[in-house]
Amino acid sequence: MVKFTKEMKEALRVPGKGGSLIYLCTSSRDGKPNIAAMRFVATHMDDKILIADMFLLKTKANIKENPNVAVTICHPLDEGRWWVFRGKAVDMEYGFPRDFDWYGANATDILNEWGNWNKAEPPDEVPPDIVFPKAVQRGVVVVHVEEVYSIEPGHVGEKVL
Amino acid sequence: MKAWIEAMGCHLCVATPEGVPSVVLGRYAEVRGDDEVAFALAADEAGVIAPVIAENPRVAFGVSRQGGIRAAYQFKGAGEILQSGDLYDTVAAQAKEEKGIDAAAVLRVRLTELYCTKPGYEAGQRLDGMTPDELTAWERQRWKDVPRKRD
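Residues numbered from 1 in each chain as written. Chains lettered and ligands numbered in written order. Predicted model: local features only at pLDDT ≥ 70, side-chain atom pairs only at ≥ 80, totals over all residues. Heavy atoms only, no water.

(A) Spatial organisation of the overall build of chain B. The helix and strand inventory of chain B stands at five helices and seven strands. In sequence order, chain B lays out its α and β elements as α-β-β-β-β-α-β-α-β-α-β-α. A compact globule built from 151 residues would reach a C-alpha radius of gyration of about 15 Å, and chain B, at 15 Å, matches this within 12%. Within the span of chain B, comprising 151 residues, buried residues form 56% of the whole. (Helix = DSSP H or I, 4+ residues; strand = E, 2+ residues; numbered from the N terminus. Rg over C-alpha atoms; globule rule 2.2 N^0.38 Å. Buried < 20%, exposed > 50% of the residue type's maximum accessible area, 1.4 Å probe, protein only.)

See below:
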């Protein structure tokens, strides 16, 4: 059973609060991988990663047919954030049953707290030529992390948690 | 695009035939022509992805570090693990000289798909239908801070 460290929780926040830009890696059911950078990230409980569903296309389609995902730090990498979090994900979209549960995470709790993420944690640190003109959030991806391995040079593949 | 890949390296994503993804860093990258990238992999990095690629050659990658936002592209293609030959020798030597990497293998990815991952209305747009010149023009309209480009 995974329990995030303090450093992991600090890293898995939005970049403007000292966190990270992350990569969310998914796969189709027959093994076609997909990798996309995400800015809206947080932790929930001790073993869940939350990611806003704002502009997800292939990522969303993959999660709907195959819950296996990997999350890793894209930037900054030079602060010891050499982790890959592997687990199972669901996209809790608006309209989910209020009592929907994903490994202990409740849909009502998640959407009440994180359902308007752009307002709660606006992307003030994002350069103006990149920031999106209008945020349209459709849900929250909840990753139940089952294992963590390292991508630190010299220790790649070693189990961290 | 080529400059970002080579300057920052990439996050390499593979998946088993059953759809379980794994990630390692491609810390040294060499762009070869318009549709091929070679990554030098240390023994531990190759140890994670080589067994997966042996069963399923599909690879997706994005640029590491600031490139994740400043070079918002996703590249997809077919990967091949090389442990000998001219390409292996050339890339391994350059990786050792430039980044001190002892390459146990080289991952050659022949690119077949390119997507925009810039957040907003263009997210997910497929770009590999453009010619290289059209793509360069498209890129320069959006990003002005491409590493090592003079204009």
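Still more to cover.
(B) Structural context of the packing of aromatic side chains. Under the definition given, this model contains ten aromatic pairs over all chains. Note on Phe96 of chain A and Phe100 of chain A: the rings are 4.8 Å apart at their centroids and 80 degrees apart in plane angle, and the pair reads as edge-to-face. Taking the relative accessible area as the measure of exposure, Phe100 of chain A reaches 23% and is therefore partly exposed. Relative to Phe75 of chain B, the ring of Phe61 of chain B lies with its centre 4.9 Å away and its plane at 15 degrees, an arrangement referred to as stacked. Highlighted residues: Phe61 of chain B in strand E5 (residues 58–63) and Phe75 of chain B in strand E6 (residues 73–82), separated in sequence by 14 residues. (Phe/Tyr/Trp six-rings, centres within 6.5 Å; stacked < 30°, edge-to-face > 60°.)

(C) Spotlight on the pairing of E5 of chain B. All names here are of chain B. With five of six residues buried, E5 is to be regarded as a mostly interior element. Strand direction decides the pairing type here: strand E1 (residues 10–15) and E5, joined by five bridges, are antiparallel. Paired with His11 across the strands is Gly62, a residue of E5. In terms of strand pairing, E5 meets E6 through four bridges, oriented antiparallel. What sits directly across from Phe61, in E6, is Phe75. (Pairing = 2+ DSSP bridges.)

(D) Representation of the environment of Lys9 of chain A. Residues and elements named next belong to chain A. Tracing the backbone through its elements, the reader meets Lys9 in helix H1 (residues 6–11). Note on Lys9: relative accessible area 28%, which makes it partly exposed. Here the alpha-carbon distance between Lys9 and Phe100, two residues 91 residues apart in the chain, equals 25 Å. Each residue touching Lys9, except ones within four places of it in the same chain, is listed here: Phe4, Thr43, Met45 and Asp46. Side-chain polar atoms of Lys9 contact the side chain of Asp46, separated by 2.6 Å. (Contact = heavy atoms within 4.5 Å. Polar contact = N/O pair within 3.5 Å; in protein donor to acceptor, adjacent residues only side chain to side chain.)

(E) Examining the interface of chain A and chain B more closely. With 42 residues of chain A at the interface, the matching set in chain B holds 41 residues. Regarding the contact of chain A and chain B, the summed buried area is about 3300 Å², with carbon and sulfur atoms giving 60% of it. Three residues stand out in chain A for area buried against chain B, namely Pro33, Ile35 and Ile130 of chain A, and they jointly supply 19% of the buried area on that side. Remark: the boundary between chain A and chain B carries one salt bridge. Along the contact surface separating chain A from chain B lie 17 residue pairs in polar contact (both at pLDDT 80 or more). Among the secondary structure elements, those contributing two or more residues to the side of chain A that touches chain B are strand E1 (21–27), strand E2 (33–38), strand E5 (68–75) and strand E6 (83–93) of chain A. Tallying contributions element by element places E5 of chain A first for the side of chain A that touches chain B, with seven residues. Class assignment of the residues belonging to the side of chain A that touches chain B gives a composition of 22 nonpolar, twelve polar and eight charged. (Buried area = accessible area lost by both parts, 1.4 Å probe. Salt bridge = Lys/Arg side-chain N within 4 Å of Asp/Glu carboxyl O. Nonpolar A, V, L, I, M, F, W, Y, C, P; charged D, E, K, R; others polar.)

(F) Up close: the sheet that holds E1 of chain B. Residue and element names in this part refer to chain B. Overall, antiparallel pairing links the seven strands, which are arranged E2-E1-E5-E6-E7-E4-E3 in an open sheet. Both edges of this open sheet fall to strand E2 (21–26) and strand E3 (28–31), since each of them pairs with a single strand only. Recorded for the sheet is a direction-independent mean angle of 30 degrees between the axes of neighbouring strands. Strand contacts of helix H4 (residues 86–99): E3, strand E4 (36–41), E6 and strand E7 (105–116), with the helix running at about 130 degrees to E3, the strand carrying the most contacts. (Axes fitted to C-alpha atoms, helices over the stretch in contact; angles between N-to-C directions.)

(G) Layout of the pairing of E5 of chain A. Residue and element names in this part refer to chain A. Summarising burial for E5: seven of the eight residues are buried, a large majority. Across five bridges, E1 lies against E5 in antiparallel orientation. Each bridged residue has a counterpart across the sheet, and for Leu24 the counterpart in E5 is Val71.

(H) How the structure looks around the sheet that holds strand E9 (residues 139–150) of chain A. All names here are of chain A. The strand order across the open sheet formed by seven strands is E2-E1-E5-E6-E9-E4-E3, and the pairing between neighbours is antiparallel. Strand pairing shows two members of the sheet lacking a second neighbour, E2 and strand E3 (41–44), which therefore form its edges. Between one strand axis and the next, the sheet turns through 35 degrees on average, direction left out of account. Of the pairings in the sheet, the one linking E3 to strand E4 (residues 48–53) comprises four bridges and is antiparallel in character. Looking at E4, one finds that Thr43 is bridged to Ile49.

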